[in-house]
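Structural features, examined
Each chain is listed here by its residues.
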Amino acid sequence: MEKTDIETRLRDVLVTELGLDAEKINPAANFETDLDVDSLGVVELLMAMEDEFGVKIPDDEAEHIHTVGEAIDLVHQKLNS
Amino acid sequence: MANAMITGWGKCMPEAVLSNHDLEQIVDTSDEWITTRTGIKERRISHAEVSDMSAVAGAHALAAAGKTAADLDLIIVGTCTGDSLIPSTASLVQAKLEAWQAGAFDVNAACSGFIYSLVIGSNMIAAGTHRTVLVIGAEKLHYHLDFTNRATAVLFGDGAGAVVLEATDEDVGLLASELGMDGSAASILCIPEHGTSGDRRNPDPRESGINMDGPEVFRRAVTTMGDASVRVLEKAGISLDDIGLLIPHQANVRIIDATARRLKLDPAKVMINIESYGNTSAATIPVALTEALESHRIEPGAIIVLAAFGAGLSWGAAVIRWGQRVEPLGTSAAALPPNNRSTMDLLAPNLEFFGHLASS
C-alpha cells in the first residue's frame, strides 16, 4: 500500500472513529498537542489502526508514535516488510 | 434439562450523590476532564452496607417475580466489597430477607462478578439441583476510594442489582456463556491490601486503594469484551444482527463505545447508564438490566448480550433469550434505612485515611 493510501485511510479513521478535527490533521500534527488526543485516545488510536490495517502494534513501537506522519510511516513499514 | 428464566429484577441505589463538581473540591480534577474521559457525571455513596443494598435489590427482584423469600433455594452474591470477610455477604442477605430455605454464597470475580454468578445460578438450575435462585451484584466501592489518586477516585460508586432465576421448560434463559481469566496480568488492576499478603503492622494506604493501569485495562477491556461477545454469539448460533440489547459492564463510556464500534452495533442497541452511577463493579449489569426493563428497552423474547471485564483479570459474556414478560408482577416498598449524612460526611473516613488534595 502506498503512503498516500495509508494517509487517506488513516485520516478517515481519525475523523470517524476518534472524532478528530479533519482540518487539523496533517503529517506534522502531534496527536497530543495539536489534536488533543488524551492517554485513552492514544489507546483508541492504536486499536483503530490495528483494525483498519490488520497490523499488530506492540507497546514498544507504539511509544514512538507522536505525529500523524509517524503513524503513517509505521503502518507503511509493517505492511511492506 | 431445565432452563433458567429471569423472572424478576430490581436495584438499590443509595441516595447520597457525589457529582463531578463535588469531586473538584477534593481531587485535582474537573467535570470536563472526568466527563470527556469517562462519561461519568455522578455516582452514589452508600451510608449502608453491601448486604443492606443487596437485600433491598433482592426484595424488589422477588416482588417483580411474584415470589417471596421463602421460595428461594439459593442466593448468590457477586461482590468484591462484602461487609465482612466471614460471614459471606450472601449469609447476611439470607438473614435480612429471611430466606431460610436458601443456601448462600459469594462470588468474587470483581467487575465480572454478576455474570459469573448468573452463569453459576443458571447452571445449578440446569443441573436440576435448584429451582429458584436469587442472583445479586452489589458493591460499596467508595470504601476503597483514594482521593489522592485522580486516575481512579473519580470512576467508582456504590449500588446493587438483582435478578430472580426460575426453572422453566420454555426455550429461554442462558443460551451460551464464557467465563474467562488472565491471572498473569492481575497486577494492572488490584486492591493489594485486605488479604493475608498485607503487613497489618505497617498498612500502606496506597495499597488499600484501587490501583490501576488505566490505558492497559482500557485496551484489554475493549478487545476482550468484544471478542468474548462474538464467541458466545457463535456458540449460541445467533448473529450480531439479532441482538436486541447489549448490556455491557459500565466502567467507562469510551470502553463501551469502542466495544460497540468493534461489534458494529447500532448505538441504540447498547445500554448505557454510567453517567448516573459510575463503575459499580459487579452491580453495573443487574442495575443496567433493571433500568433497561424500566425504560421498555427489552422486548418479549429479545436476545440480550451481557459482557464484563475487570480485576483478575476476569471477564464474562452471556447470551440470554428473554421470556415473554417484560413487566414486573408486583412491587416492593423495600428501601435502605434513612440517610441523614451528607455525601462529604460519608467520605470523611476516606479523606482521613488516604489523605486528599487539600492536605497534601
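Residues numbered from 1 in each chain as written. Chains lettered and ligands numbered in written order. Predicted model: local features only at pLDDT ≥ 70, side-chain atom pairs only at ≥ 80, totals over all residues.

1. Focus: the interface of chain A and chain B
By a widespread convention, an interface's size corresponds to the accessible area lost as its parts come together. Contact with chain A, which involves 8 residues of that partner, is made by 9 residues of chain B. Class assignment for the residues of the side of chain A that touches chain B results in 4 nonpolar, 1 polar and 3 charged. (Contact = placed C-beta atoms within 7 Å. Nonpolar A, V, L, I, M, F, W, Y, C, P; charged D, E, K, R; others polar.)

2. Re the domain arrangement of chain B
All names here are of chain B. You can read the domains of chain B as domain 1 (3-172 + 335-359) and domain 2 (175-276 + 284-321). Each partner contributes residues to the interface: domain 1 has 33 residues there, and domain 2 has 36 residues. When residues of the side of domain 1 that touches domain 2 are traced back to their parent elements, those giving at least two are strand S1 (3-12), helix H5 (113-127), helix H6 (150-153), strand S7 (158-168) and helix H12 (343-354). Examining the composition of the side of domain 1 that touches domain 2, we find that 5 residues originate from one element, H5, more than from any other. (Domains from an automatic or database assignment. Helix = DSSP H or I, 4+ residues; strand = E, 2+ residues; numbered from the N terminus.)

3. Focus on the pairing of strand S12 (residues 303-310) of chain B
Residue and element names in this part refer to chain B. The element S12 is extensively covered by neighbouring structure, given that 8 of its 8 residues are classed as buried. The two faces of S12 match: Ile303, Val305, Ala307 and Phe309 on one face and Ile304, Leu306, Ala308 and Gly310 on the other face are all buried. Examined bridge by bridge, S12 and strand S13 (residues 314-321) share 8 bridges and lie antiparallel to one another. By the bridge assignment for S13, alanine 307 is matched with alanine 317. A loop of 3 residues connects S12 with S13, the two strands running antiparallel in sequence, and glycine 312 in this loop sits at a positive phi of about 145°. (Buried ≥ 20, exposed ≤ 12 C-beta atoms within 10 Å, placed from the backbone. Pairing = 2+ DSSP bridges.)

4. Points about the sheet that holds strand S6 (residues 132-140) of chain B
Residues and elements named next belong to chain B. Here 5 strands make up an open sheet; going across it, the order is S1-S7-S6-S4-S5 and the pairing mixed. The sheet is open, and its two edges are formed by S1 and strand S5 (103-107), each paired on a single side. Shown here is a sheet whose adjacent strand axes are inclined to one another by a mean of 20°, direction ignored. Examined bridge by bridge, S1 and S7 share 9 bridges and lie antiparallel to one another. What sits directly across from alanine 4, in S7, is alanine 167. In the packing of helix H11 (residues 284-294) onto the sheet, the strands contacted are S1, S6 and S7, and the crossing angle to S7 comes to about 75°. (Axes fitted to C-alpha atoms, helices over the stretch in contact; angles between N-to-C directions.)

5. Description of H11 of chain B
Residue and element names in this part refer to chain B. Across the 11 residues that make up H11, a large majority, 9, are buried. The complete set of buried residues in H11 reads Thr284, Ile285, Pro286, Val287, Ala288, Leu289, Thr290, Glu291 and Ala292. Residue histidine 296 follows H11 closely and has a positive phi angle near 60°.

6. Considerations on H5 of chain B
Residues and elements named next belong to chain B. For H5, with 15 residues, the first-to-last C-alpha span of 21 Å sits near the 21 Å given by 1.5 Å per residue. Among the 15 residues in H5, 11 count as buried, and that is most of the element. Along H5, the residues that are buried comprise Gly113, Phe114, Ile115, Tyr116, Ser117, Leu118, Val119, Gly121, Ser122, Met124 and Ile125. Downstream of H5 by one or two residues, glycine 128 has phi in the positive range, about 90°. (Expected span 1.5 Å × (residues − 1).)

7. Focus: the packing of helix H8 (residues 214-236) of chain B against helix H9 (residues 253-262) of chain B
Residue and element names in this part refer to chain B. Remark: H8 packs on H9, axes separated minimally by 9 Å, with the N-to-C direction vectors making an angle of 40°. The angle between H8 and H9 places the two elements in the oblique class. The two elements H8 and H9 cross, and the hand of that crossing is right-handed. Only Ile255, Ala258, Thr259 and Arg262 of H9 make contact with H8, whose side of the interface consists of Phe218, Ala221, Val222, Met225 and Gly226. Among the residues making up the contact of H8 with H9, the classes are represented as 6 nonpolar, 2 polar and 1 charged. (Parallel < 35°, antiparallel > 145°, perpendicular 65-115°, else oblique. Left-handed = near helix turned anticlockwise from the far one by under 90°.)

8. Describing the nonpolar core
All names here are of chain B. One finds Ala61, Ile75, Ile115, Ile247, Leu306 and Ala318 to be the most contacted residues of the largest nonpolar core, which totals 135 residues. Split by domain, this core shows at least three residues from each of two domains, domain 1 (3-172 + 335-359) and domain 2 (175-276 + 284-321). Not counting residues up to four positions away in its chain, the partners in contact with leucine 306 are Ile115, Ile247, Ile285, Ala317, Ala318 and Ile320. (Core = buried A, V, L, I, M, F, W, Y, C linked by C-beta atoms within 7 Å.)

9. What to know about unusual backbone geometry
Residues and elements named next belong to chain B. Here the bond from isoleucine 86 into proline 87 is cis, since omega is 0°, no more than 30 degrees from zero. Mapped onto the elements of the fold, proline 87 is located in the loop between strand S4 (74-78) and helix H4 (89-97). The omega torsion of the bond from glycine 312 to leucine 313 falls at 0°, within 30 degrees of zero and hence cis. Mapped onto the elements of the fold, leucine 313 is located in the loop between S12 and S13.

10. Comments concerning the packing of helix H3 (residues 50-65) of chain B against H4 of chain B
Residues and elements named next belong to chain B. It is at 9 Å that the axes of H3 and H4 come closest, and there the two elements cross at 50°. Accordingly, the angle class assigned to the pair H3 and H4 is oblique. At the point where H3 passes H4, the crossing takes the right-handed sense. Facing Val50, Ser51, Ser54, Ala55, Gly58 and Ala59 of H3, the residues of H4 in contact are Thr89, Leu92, Val93, Lys96 and Leu97. Taken together, the residues of the contact of H3 with H4 sort by class into 6 nonpolar, 4 polar and 1 charged.

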